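Secondary and tertiary structure notes
Residue-level listing of the chains:
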Amino acid sequence: EAAQKNGHIVMIPFMAQGHIIPFLQLARQIQHKTTFNITIANTPLNVQYLRSALSSTSPQQIRLAELHFNSTQHGLPPNIENTEKLPLSLIGKLFKSSLSLEAPLRSLISQITEEEGYPPLCLISDVFLGWVNNVATSLGIRNLCFTTCGAYGTLAYISIWSNLPHRKTDSDEFWVPGFPQSYRFHRTQLHKFLRQADGTDEWSQFFIPAIALSMKSDGWICNTVEEMEPLGLQLLRKYLQSPVWTVGPLLPPTALKGSKHRAGKESGIALEACMEWLDLKDENSVVYVSFGSQNTISASQMMALAEGLERSGKSFVWVIRPPVGFNMNGEFREEWLPKGFEERMRDTKRGLLVHKWGPQLEILSHKSTGVFLSHCGWNSVLESLGHGVPMIGWPLAAEQAYNVKMLVEEMGVAVELTRTVETIITVEQVKKVIDIVMDQEGQGKEMKEKANEIAAHMRDATTENGEEKGSSVRAMDDLVTTILS
Ligand code: UDP
């Protein structure tokens, strides 16, 4: 019986909140099913974050291990060990710095092996930390790769990095190996670094080998739901030629994301105030706008978005962050937000501006929220669709543009407003997409229905009722059995 046996699993997430949180959730789920010892290993400051996240919820037996790390040795500012608060220009250095964790991870594994008399059963590593596969292989330990993204987005991301298909054509559109021949991706769907990548630049030199090594792992765990993206999963399995377990949605409990704590500290607006404001609005009448935990749009885009929201006539909650180079209350505020905008929206109760960080899960679960204008980071996608909220996509980085492509083309639950921080958007464009998705009759109604269907799939997938088990529960059972085999 799986739950009776003992063994140790070591998990190593990439140093970003959007990776660490799903890893922690995965650890909790595995722990719930087994008596494995579970250790999450990371740099000291990330471990500190994990420790406070663990202590804010019920006590758990998940262990934390600090891997020695000195940010300044890698050209990073002192005491920066996470993508949060790191300018985009330094993110590449953070990726590279993760390679330095190999030696401390090896020591940790020796220590565990010595203490317990046998090596860990499995190393679960982040898709970006391909070097863990070298460690696992050299010690004869099983290695599974955990991708915190969806299957479709993961496939597009790893295939484009591995094959650089956009370099093989002059056209703006190109085919991505692993996808059907008729599928076309567009250059504007590539993040700047990837668009420019040629195999010799520093990004290529990190990502190409990292992904190749991750592809040698014994299987992949994916934070998604089988019924939600059947095509993505079918294609990913075929491309990887290895098992993919769909254990999602691994959503953060509110307390863990720290949204309450942060809403109080950084935004100046309490959760209660936000809920009270939403309580005054009609069902499905509010646009929620947020670009995730680390991205911002440009000053001129902020202007057009603000004006578009105002002219749409709809109510909105907008988590605003100043564009790069500006402060929230600095003297140049009028360069990125129309004059008197915030006051006007407050006085008319048309819009609620939440500074820097909002209680996203609570906003999405409120019945007044009708649509989410989002960068479509995978956690936001899961959270939005999990609540049956259709989306307006504005992808900015990572695999977000592929997520939007799937949401629009495969799932019919979103429209795309624009892409990247480099484009020019107009007030009319903003107004138009809001009109489409908020339309209670035509396309908007259809999107809402489809989003509700996905929400039902997500609920069913995680249902466990005696013998009746949803797909994610079965995948988790199978994963545990495989780790023990
Ligand atoms: N989030 C939040 N409040 C905010 C911004 C983000 O609670 O103001 C949370 C959001 O609910 C999600 C995560 O932060 O769980 C963002 O993850 P996602 O994958 O969407 O984007 P990323 O931040 O990694 O770009």
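Residues numbered from 1 in each chain as written. Predicted model: local features only at pLDDT ≥ 70, side-chain atom pairs only at ≥ 80, totals over all residues.

Going by an unreviewed UniProt entry, the protein carries the name Glycosyltransferase and comes from Phaseolus coccineus. Entered under Sequence similarities (unreviewed entry) in the UniProt record, the comment concerning the protein runs "Belongs to the UDP-glycosyltransferase family." (UniProt positions renumbered as here; feature names shortened; annotations may be inferred.)

To continue, consider the overall build of the protein. Looking only at helices and strands, one finds 20 helices and 17 strands in the protein. Its C-alpha atoms give the protein a radius of gyration of 22 Å, within 12% of the compact-globule value 23 Å for 485 residues. Seen through its C-alpha atoms, the protein measures out along the principal axes to roughly 65 × 55 × 45 Å. By residue count, 48% of the 485 residues in the protein fall in the buried class. (Helix = DSSP H or I, 4+ residues; strand = E, 2+ residues; numbered from the N terminus. Rg over C-alpha atoms; globule rule 2.2 N^0.38 Å. Buried ≥ 20, exposed ≤ 12 C-beta atoms within 10 Å, placed from the backbone.)

Another aspect to go through is the pairing of strand 11 (residues 315-320). With six of six residues buried, strand 11 lies mostly within the body of the structure. Because side chains alternate across strand 11, one face comprises the buried residues Ser-315, Val-317 and Val-319, and the other comprises Phe-316, Trp-318 and Ile-320, equally buried. One ladder, built from four bridges, connects strand 10 (residues 286-290) with strand 11; its direction is parallel. The residue of strand 11 that forms the bridge with Val-289 is Trp-318. For the segment spanning strand 10, helix 13 (residues 299-312) and strand 11, crossover handedness is right-handed. Across five bridges, strand 11 lies against strand 12 (residues 351-355) in parallel orientation. Considered in strand 12, the bridge of Trp-318 is made with Leu-353. The β-α-β motif built from strand 11, the intervening helix 14 (residues 341-348) and the parallel element strand 12 has right-handed crossover chirality. (Pairing = 2+ DSSP bridges. Right-handed = clockwise from strand over helix to strand, strands pointing away.)

Close contacts around the ligand come from 19 residues, with Gly-18, Gly-292, Ser-293, Gly-377 and Ser-380 the closest. Of all elements in the fold, only helix 15 (360-365) and helix 16 (378-386) reach the threshold of two or more residues within the shell around the ligand. The element contributing the most residues to the shell around the ligand is helix 16, with four residues. Here the shell around the ligand is composed, by residue class, of five nonpolar, twelve polar and two charged. (Near = placed C-beta within 6 Å. Nonpolar A, V, L, I, M, F, W, Y, C, P; charged D, E, K, R; others polar.)

Among the nonpolar cores identified, the biggest contains 144 residues, and Ile-221 and Ile-392 are the most heavily contacted of them. The residues touching Ile-392, leaving out its near neighbours within four places in the chain, are Val-371, Leu-373, Ala-414, Val-415, Leu-417, Val-433 and Val-437. (Core = buried A, V, L, I, M, F, W, Y, C linked by C-beta atoms within 7 Å. Contact = placed C-beta atoms within 7 Å.)

For the rest of this paragraph, the subject is the sheet that holds strand 9 (residues 244-246). In space, the seven strands of this open sheet follow the order 3-2-1-4-5-8-9, with parallel pairing throughout. Each edge of the open sheet is held by one strand with a lone partner, namely strand 3 (63-66) and strand 9. Taking each pair of neighbouring strands and ignoring which way they run, the sheet shows an average axis angle of 25 degrees. Its contacts with the sheet put helix 4 (residues 102-116) on strand 1 (8-12), strand 2 (37-42) and strand 3, and the angle it makes with strand 1 is roughly 165 degrees. (Axes fitted to C-alpha atoms, helices over the stretch in contact; angles between N-to-C directions.)

Here the focus is the confidence of the model for the protein. Per-residue pLDDT for the protein has a mean of 93; in total, 94% of the residues score no lower than 70. We note a pTM of 0.95 for the whole complex and an ipTM of 1.00 for its interfaces. (pLDDT = per-residue confidence, 0-100.)

Most of helix 17 (residues 400-411) sits inside the fold, with nine of its twelve residues counted as buried. For helix 17, the full list of buried residues reads Gln-400, Ala-401, Tyr-402, Asn-403, Val-404, Lys-405, Met-406, Leu-407 and Met-411. Gly-412, located one to two residues past helix 17, shows a positive phi value of around 65 degrees.

What follows is about the sheet that holds strand 15 (residues 414-416). On the basis of which strands lie adjacent, the open sheet formed by six strands has the order 12-11-10-13-14-15 and parallel pairing. The sheet is open, and its two edges are formed by strand 12 and strand 15, each paired on a single side. On average, each strand axis in the sheet is tilted by 15 degrees relative to the strand beside it, whichever way the strands run. Pairing analysis gives five bridges linking strand 10 to strand 13 (residues 369-374), with the strands arranged parallel. Bridge pairing in strand 13 places Ser-290 opposite Ser-374. Along the sheet, helix 17 contacts strand 14 (391-393) and strand 15; its crossing angle with strand 15, the most-contacted strand, is approximately 125 degrees.

So, on to the packing of helix 18 (residues 427-438) against helix 19 (residues 443-461). Helix packing for two helices is described by the angle between their axes and how far apart those axes are. Viewed as axis vectors pointing N to C, helix 18 and helix 19 meet at an angle of 60 degrees, and their least axial separation amounts to 5 Å. On helix 19, the residues touching Ile-436, Val-437 and Met-438 of helix 18 are Gln-443, Gly-444 and Met-447. Grouping the amino acids of the contact of helix 18 with helix 19 by side-chain chemistry returns four nonpolar, two polar and no charged.

Another point: unusual backbone geometry. Residue Pro-249 follows Gly-248 across a cis peptide bond; omega there is -5 degrees. Counting through the fold element by element, Pro-249 comes out in the loop between strand 9 and helix 10 (254-257). Not every positive phi belongs to a glycine, and Asn-79 is a case in point at roughly 60 degrees. With a phi close to 45 degrees, Ala-398 is a non-glycine residue in the positive phi region. By the secondary structure assignment, Ala-398 is in the loop between strand 14 and helix 17. Of the residues examined, Ala-398 has 22 C-beta atoms within 10 Å and is grouped as buried.

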